[in-house]
Every structure is written in structure tokens, then in C-alpha cells.
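Tertiary structure, described
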Amino acid sequence: MAHTPSLSFEIFPPNPAAGNEKILSALRHMQDLAPHFISVTASNNKYNLEDTTVRLADYIHNDLGIPSIAHLPAIYLTKEEVTNILVALDQIGVHNILALRGDRIPNITPREDFHYATDLISFIKDEAPHFDIIGACYPESHPDSPNQVSDIKHLKTKVDAGCSSLVTQLFFDNEVFYDFQEKCLLAGIEVPILAGIMPIINRNQALRLLNTCENIRLPRKFRAILDKYEHDPESLRAAGLAYAVDQIVDLVTQDVAGIHLYTMNNPQVANYIHHATYSLFKHSAV
Ligand code: FAD
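Described below are features of the structure shown in this document. Every residue gets a number counted from 1 within its own chain, in the order that chain's sequence is written. Side-chain atom pairs in this predicted model are given and counted only at pLDDT of 80 or more, local residue features only at pLDDT of at least 70, and totals for whole chains, interfaces and linings cover all residues. The side-chain quantities take in all heavy atoms of the structure and omit both hydrogens and water.

1. Observations regarding the packing of helix 2 (residues 53–63) against helix 3 (residues 79–92)
Only the contacting stretch of a helix is used when fitting its axis, a line to C-alpha atoms as for every element, and angles between N-to-C directions run 0 to 180 degrees. Secondary structure follows DSSP: runs of H or I at least 4 residues long count as helices, runs of E at least 2 residues long count as strands, and numbering of each begins at the N terminus. It is the contact of helix 2 with helix 3, at a shortest axis distance of 10 Å, that shows an interaxial angle of 20 degrees. As judged from the angle between their axes, helix 2 and helix 3 are roughly parallel. Helix 3 is crossed by helix 2, and the crossing has right-handed handedness. Contacts between helix 2 and helix 3 involve Val 54, Ala 57, Asp 58, His 61 and Asn 62 from the former and Ile 85, Ala 88, Leu 89 and Ile 92 from the latter. Orientation is classified from the angle alone, with under 35 degrees giving roughly parallel, over 145 giving roughly antiparallel, 65 to 115 giving roughly perpendicular, and any other angle giving oblique. Each helix crossing is assigned a hand: it is left-handed if the near helix lies turned anticlockwise from the far helix by less than a right angle, otherwise right-handed if that turn is clockwise. Note on definitions: a residue-residue contact is assigned when non-hydrogen atoms from the two residues lie within 4.5 Å.

2. Description of the site of the ligand
Around the ligand, the structure places 24 residues, and the nearest of them are Asp 103, Tyr 138, Ser 145, Asp 151 and Lys 158. Asp 151 places a side-chain nitrogen or oxygen 2.7 Å from an oxygen atom of the ligand. Working definition of accessibility: Shrake-Rupley area with a 1.4 Å probe, residue cover restricted to the visible protein chains. Protein burial of the ligand: of its 980 Å² of free accessible surface, 82% is covered by the chains. Contributions of two or more residues to the shell around the ligand are made by strand 3 (68–73), strand 4 (96–100), helix 5 (148–162) and strand 6 (165–168). Sort the elements by how many residues they give to the shell around the ligand and helix 5 lands first, with three residues. Nearness of a residue to a molecule or strand requires only that one of the residue's heavy atoms be within 4 Å of it. Any N or O atom pair separated by 3.5 Å or less is treated as a polar contact, with the protein-specific requirement of one donor-capable and one acceptor-capable atom, and with residues adjacent in sequence counted only for side-chain atom pairs.

3. Focus: the pairing of strand 4
Relative accessible area decides the class of each residue, using a 1.4 Å probe on protein chains only: under 20% of the type maximum gives buried, over 50% gives exposed, and in between gives partly exposed. Counting buried positions over the five residues of strand 4 gives four, a clear majority of the element. The pairing criterion for strands is at least two bridges between them, as found by DSSP. Two elements, strand 3 and strand 4, share four bridges in a ladder whose sense is parallel. Bridging across to strand 4, Ala 70 finds its partner in Ile 97. Handedness of the crossover joining strand 4 and strand 5 (residues 132–137) through helix 4 (residues 117–127) is recorded here as right-handed. Seen with its strands pointing away from the viewer, a crossover is right-handed when the path leading from the first strand over the helix to the second is clockwise.

4. Considerations on helix 9 (residues 233–253)
Along its 21 residues, helix 9 runs 30 Å from first to last C-alpha, staying within 8% of the 30 Å computed at 1.5 Å per residue. Taken together, the buried positions of helix 9 are occupied by Leu 236, Ala 239, Gly 240, Leu 241, Tyr 243, Ala 244, Val 245, Gln 247, Ile 248, Leu 251 and Val 252. Next to the buried residues of helix 9 lie helix 6 (174–186), strand 7 (193–197), helix 7 (203–212), helix 8 (220–228), strand 8 (258–262) and helix 10 (267–277). Looking at the residues trailing helix 9, positive phi occurs at Asp 255, about 65 degrees. Multiply 1.5 Å by the residue count of a helix minus one, and that product is the helix's expected span.

5. Side note on the packing of helix 4 against helix 5
Closest axis-to-axis distance for the helix 4/helix 5 pair is 8 Å, and the angle between their directions is 10 degrees. By the criterion of interaxial angle, the relationship of helix 4 to helix 5 is roughly parallel. Contacts from Ala 117, Thr 118, Ile 121, Ser 122 and Lys 125 in helix 4 reach His 154, Thr 157, Lys 158, Ala 161 and Gly 162 in helix 5. Of the residues in the contact of helix 4 with helix 5, the class split is three nonpolar, five polar and two charged. When residues are sorted by character, Ala, Val, Leu, Ile, Met, Phe, Trp, Tyr, Cys and Pro go into the nonpolar class, Asp, Glu, Lys and Arg into the charged class, and all the rest, Gly among them, into the polar class.

6. So, the pattern of salt bridges
One speaks of a salt bridge when a side-chain nitrogen belonging to Lys or Arg is within 4 Å of a carboxyl oxygen belonging to Asp or Glu. Counting across every chain of the model gives eight salt bridges. Put simply, Glu 140 and Arg 217 hold a salt bridge, and the shortest N to O gap is 3.6 Å. Of this pair, Glu 140 sits in the loop between strand 5 and helix 5 while Arg 217 is found in the loop between helix 7 and helix 8, placing the two residues 77 residues apart along the sequence. A relative accessible area of 52% places Arg 217 in the exposed class. Taking the shortest distance from any N to any O, the salt bridge between Arg 203 and Glu 230 comes out at 4.0 Å. In this pair, Arg 203 is assigned in helix 7 and Glu 230 in the loop between helix 8 and helix 9, connecting sequence segments 27 residues apart. When salt bridges that share partners are traced, they join Arg 101, Arg 104 and Asp 144 into one network.

7. What about helix 1 (residues 21–31)?
Taken as a whole, helix 1 has its buried residues at Ile 23, Ala 26, Leu 27 and Met 30. Each buried residue of helix 1 sits inside an arc of 100 degrees when the element is viewed along its axis, so together they form one side. The arc in question is traced by the directions running from the helix axis to the C-beta atoms.

8. Describing empty space enclosed by the protein
Each cavity reported here is a set of points on a 1 Å grid over the protein atoms alone in which a 1.4 Å probe fits but cannot get out, each pocket an open set with protein on both sides within 12 Å along at least five of seven lines, and each lining residue one with an atom within 4 Å of a point. Grid points are joined across faces, edges and corners, and a volume is the space filled by probe spheres set on the points. Evaluated as defined, the whole model comprises one cavity of 30 Å³ or more. Around the largest cavity, the lining residues are Phe 37, Ser 39, Ile 69, His 71, Leu 98, Ile 134, Val 167 and His 260. Considered class by class, the residues forming the lining of the largest cavity number five nonpolar, three polar and no charged.

Have a look at this one:
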């Protein structure tokens, strides 16, 4: 049977003070697009995860009937806190976790229980082996890594600890992804790698992103869009969406395992990408 890639979405919980109305409405729109799954990010030390990530994962899984994945950054959690989150996820029937270390926050001392994502994965495998665990990976290397060899060696250890698949950090240059995929294979990492794609729809979003993801390279073609449409938001949005579609078409035709779309909670973006690429994700005939 021909390989059919998956199309999945990522959303983030809003600030609890703002309420969930807007994100629930966005999710109902995304439901119509029948994504393979929706993953919910988690705050690293800011919000209570049971009130935010777990609650939205519950809504996606039980109210919308779409598989959901709960992100879980653990560097600021104790084993007891992780156990409580596992129990909460168990109760709502969500058994998929994107297991993460989380970023180190300046001036906040990490807890001692989980130094790396691998520690969290081993812990979950011992405590609750029925959970499916996904890991994060970085085609342009994690910024903490001295080099890509070290990063991929640690990634191999992480996968061996119990990841069934990986999701990449966003990237704008598909060649970087293909090169990374090949290096993973050479290192013996054979689980599916889902490509994280973020459509850029305004200049501030792009600038914010470049500040936070300093390891991401911008191809000339992409930089030209940001420069040319600096003062033309409508064209920037159109070109950013077209760029993402172009990336997805290329990835799918090169047999990517799946596309994980960073939706930024924007149902119009998810809708646009879905409609532009829908037939690429249809289950093919035998
Ligand atoms: P790890 O896999 O632990 O790797 C971190 C660094 O440590 C890497 O450089 C790795 O090479 C190195 N390393 C690993 N093991 C060892 C070892 N034994 N010895 C020495 N070095 C080692 N953050 C959030 O807070 N919330 C989210 O919801 C969230 N979602 C994300 C989703 C995706 C798809 C991605 C790609 C990232 C996400 N992040 C999220 C960001 C992530 O938490 C940060 O990038 C964090 O700095 C690393 O997390 P990790 O799980 O990849 O770390």
C-alpha cells in the first residue's frame, strides 16, 4: 500500500485568565478538518498543567473525538507532580505524551528529578507503560548542543528510551530536514519523524520567532518575502501561507511521515493549509 502521510495540528492553551472560549471555538473549526491528532503545548513552570493542557486535551479527545497529545515539559516538575499528571491523563483516556525537558529559565532553578527528556521518558515507561510517547527533535540542532553529532547521539538514546515517533522544531528549509532525516537513519533512529511546519502570516510573528529560535536558518526565498512585504501585511500573509504550502508539497512528495502544523491557535490558517493540500493526505487506494 502506498504511504499516506498524516496531517496533525498543534495548539497552545491561552492564559487561564483570558478564558477558553476562543480556543474552544478554534478547536471546533479544526474538528471539521479531521486532523490525525491535535497536540496541546504545556507551560514550562507558568501555569498549572491540569487546568490548561490536560483540560484542552480532554476536550479534544472526549468532546471532539480527535486523538490528542499532551505536551509535558518536566525540568520544573517533581516525580510526584508528573505522576499526578499521568493519573489525570489516564482518567480522561488521553494516553499520548510529547515528553520534553523544557527550556531552562534564567534565575529559576530546575528541580532535580528530570534533567533531560530521556529521564522523563524512562520514568513514564516504568510508571505507566501503556502511554505512547513522542519526542521532540531539532533538524538544525538543539541550541544547547555543542554540535549535531552530540545532539543526534542524545536523540538516539531518547528514542531508545521509548519514543514511538518524533516531531521536529519548525524549519523553513526542507533540505535541512532531509539532511537531518538521513543522519538520523545513519544513527539508527528509525521511528517516524513528523515535520513541524509553521506558516508565517505576519512580520511580528516572524521577528518573535527569530528571536526565540536562534538556531533556525532562513532561506533567501523566505527572507525576500519578509523584506518585500514588510509594509504590506496582506501580501505577507498570502506569501507566508503559499510558502508553507510549497514546503508541505515538497515534503509529502519526498515521503515525509507526516506534517505537524503549528497553527498558533488560528483556525483560518489550519483551514487554508488543509484546503490547499487536502488531497495529499487522503488515504490512497491499495
Ligand atoms: P532534550 O531531548 O532533553 O534535549 C535538550 C538538550 O540536551 C539537547 O541539546 C540534547 O542534545 C541534550 N542532551 C540530551 N540528553 C543529554 C545527556 N544525557 N547529556 C548531555 N546532553 C544531553 N517547550 C515547552 O515548554 N512546552 C511545550 O509544549 C513544548 N513543545 C515542544 C514541541 C516540539 C515539537 C519541540 C521541538 C519543542 C517543544 N518545546 C516545548 C521546547 C523544548 O522544551 C525545548 O526545546 C527544550 O529546550 C528541549 O526539550 P527536549 O525535550 O527536546 O530536550
